[in-house]
Amino acid sequence: MKWQNLILCIVFFSLIFVSCNTNDKSKQKYLADIGDTIFNPSLDDAKFKFCDSSNVLHKRAYVKYTGGTKILENDIISQYKIKPEYRTFNGYFIVRFAVNCNDETGRFRWEVVNADFEETTPPKGLEKHIIDILKGLNKWNHPFYNKKDYDGYTYIIVKIENGNIVRS
Amino acid sequence: MKKTLITLLVFYTSISFSQGNCLLYPEGSNERKACRLAQTTSELKQGSRESQIRFDSIIKLNPNYAWAYFEKSVAYLKRGLVIEGFKLLNKAVELDARSHLTYRAYWYFQNRNYKMCINDLERYYALPKAYMFELTPGGEKDMRIILGLSYAKIGQFYKGIDAITNCINSYDSEDDIGFTDYHSLGVLYVLNEQYDLAIEALKKQLLINKDISDTYYYLGLAYKGKGNVNEANIWFNDALLKFKDPYRFVNINAGFRVYESDILKEINN
């Protein structure tokens, strides 16, 4: 009887294990939505909170910067200080982040590509400088969509030629 | 003629953006199964986990299905995940360049990589079976206008003017001209300091669509370039009036956008 029980137990648990495993594989590969950004204590400010984390919009057109693109670019460029070692860099920073319903920004993630759009590593100082500037921008407006306030994701493209930021 | 063209374009778009004819694949084959499964994807929310898993199943059935890679790339590109997005789209182009080159060119344009946009479009139009009247995904511009704007963005104004002129000349009738084509041409003439030709093109634009505030601004710049300051000021003031019109026409993918501050700067000069 004991043996039978043990075998039954082993079969039972291995079944659960196997089924859990297959479920996890596809679920772990993707988040609920492409571009969702989960809190990471080593990267993110714990003070930044979504108002409704279950419904953060992926509608970039509804996340606006006060004054528009031109002012946004002015605000970035006016804070940018080029250094000699940045001058060899040609490429793009594509920086994603979220704006919560209180118009605060957080969950910054970014990709850097060269002029041929291949993944690349920029000069260390340049990367930190660009991201610090973007994190400091405080004229973002959260999405107002279908007469309701939302948290939303957006992204900025910073194009750099010979170390200089290029306007759009 | 315009109606025929629009019908054809709509038809063409639905063909080029659809999964293709599943009956072309042998009965019972994985290709046919993948194609049938592809027909179910429109019910899923773009970018959702479910849709990505569905695309993976389709690709697993038919790893050479260009459409599936293209369709899977869309959410990544729209959300700024360019590395994964272009990886998928490159695969689609590798498998079927004719169907997906212009879409990749469009995304290079969106990401302001004009050189790669030009590469893709030059390659596309050189294909023996290229469809001349290919439009942007939103349908507001011919891709040859995007090519012309891209040339201008890297300073090759003559090439840009040529691309747009050839595009406009390729239409059978004036009725087929896009809502922003002459505007784009006029802007390039202004940038190339060919002011008389700029004025001609921008005034033609006003006959087709007079609701883009930027058209008036560039007319102002053209007259200013000719040294006619009074005439220029009239157009700059018209530009400001149009800019404040809530029903003005917003020129998507303009390439060279004008802001209120640009207009004010000219008026106050």
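Residues numbered from 1 in each chain as written. Chains lettered and ligands numbered in written order. Predicted model: local features only at pLDDT ≥ 70, side-chain atom pairs only at ≥ 80, totals over all residues. Heavy atoms only, no water.

(A) Quick peek at the overall build of chain B. Counting secondary structure elements, chain B contains 14 helices and zero strands. Ordered by position from N to C terminus, the α and β elements of chain B give α-α-α-α-α-α-α-α-α-α-α-α-α-α. When the 269 residues of chain B are sorted by exposure, 52% land in the buried category. Taking as baseline every contact in chain B between residues at least 6 positions apart, the subset at least 24 positions apart corresponds to 53%. (Helix = DSSP H or I, 4+ residues; strand = E, 2+ residues; numbered from the N terminus. Buried < 20%, exposed > 50% of the residue type's maximum accessible area, 1.4 Å probe, protein only. Contact = heavy atoms within 4.5 Å.)

(B) The interface of chain A and chain B, seen in detail. Taken residue by residue, the interface counts 27 residues in chain A and 32 residues in chain B. On the chain A side of the contact with chain B, Tyr30(A), Ile34(A) and Phe117(A) bury the most area, a combined 26% of that side's loss. Residue Lys70(A) pairs with Asp262(B) through a salt bridge whose shortest N-O separation is 2.4 Å. Linking chain A with chain B are 17 residue pairs in polar contact (both at pLDDT 80 or more). Sorting the residues of the side of chain A that touches chain B by element identifies helix H1 (2–29), helix H2 (68–77), strand E3 (91–99), strand E4 (105–114) and strand E8 (151–161) of chain A as the ones contributing at least two each. (Buried area = accessible area lost by both parts, 1.4 Å probe. Salt bridge = Lys/Arg side-chain N within 4 Å of Asp/Glu carboxyl O. Polar contact = N/O pair within 3.5 Å; in protein donor to acceptor, adjacent residues only side chain to side chain.)

(C) Fine view of the packing of helix H7 (residues 114–125) of chain B against helix H8 (residues 143–153) of chain B. All names here are of chain B. In contact at an axis separation of 9 Å, H7 and H8 are set at 140 degrees when each is read in the N-to-C sense. One element, H7, and the other, H8, form an angle in the oblique class. The handedness of the crossing between H7 and H8 is left-handed. Mapping the contact onto sequence places Tyr114, Cys117, Ile118, Leu121, Glu122 and Tyr125 in H7 and Met143, Arg144, Ile146, Leu147, Ser150, Tyr151 and Lys153 in H8. Of the residues in the contact of H7 with H8, the class split is nine nonpolar, one polar and three charged. (Axes fitted to C-alpha atoms, helices over the stretch in contact; angles between N-to-C directions. Parallel < 35°, antiparallel > 145°, perpendicular 65-115°, else oblique. Left-handed = near helix turned anticlockwise from the far one by under 90°. Nonpolar A, V, L, I, M, F, W, Y, C, P; charged D, E, K, R; others polar.)

(D) Looking closely at the state of the cysteines. One pass over the structure, following the stated rule, counts two disulfides over all chains. Across the disulfide from Cys51(A) sits Cys101(A); the S-S distance is 1.9 Å. Classification of the bridge connecting Cys51(A) and Cys101(A) rests on its S-S torsion, roughly -85 degrees, and on that basis the disulfide is left-handed. A residue pair is termed long-range when its members are at least 10 positions apart, and Cys51(A) in the loop between H1 and strand E1 (56–57) and Cys101(A) in the loop between E3 and E4 qualify at 50 residues. Cys51(A) sits in the partly exposed class, given a relative accessible area of 41%. Across a sulfur-sulfur distance of 2.0 Å, Cys22(B) and Cys35(B) are joined as a disulfide pair. Taking the torsion about the sulfur-sulfur bond, which here is approximately -80 degrees, the covalent link between Cys22(B) and Cys35(B) counts as left-handed. Of this pair, Cys22(B) sits in the loop between helix H1 (2–16) and helix H2 (30–38) while Cys35(B) sits in helix H2, placing them 13 residues apart in sequence. (Disulfide = S-S within 2.5 Å.)

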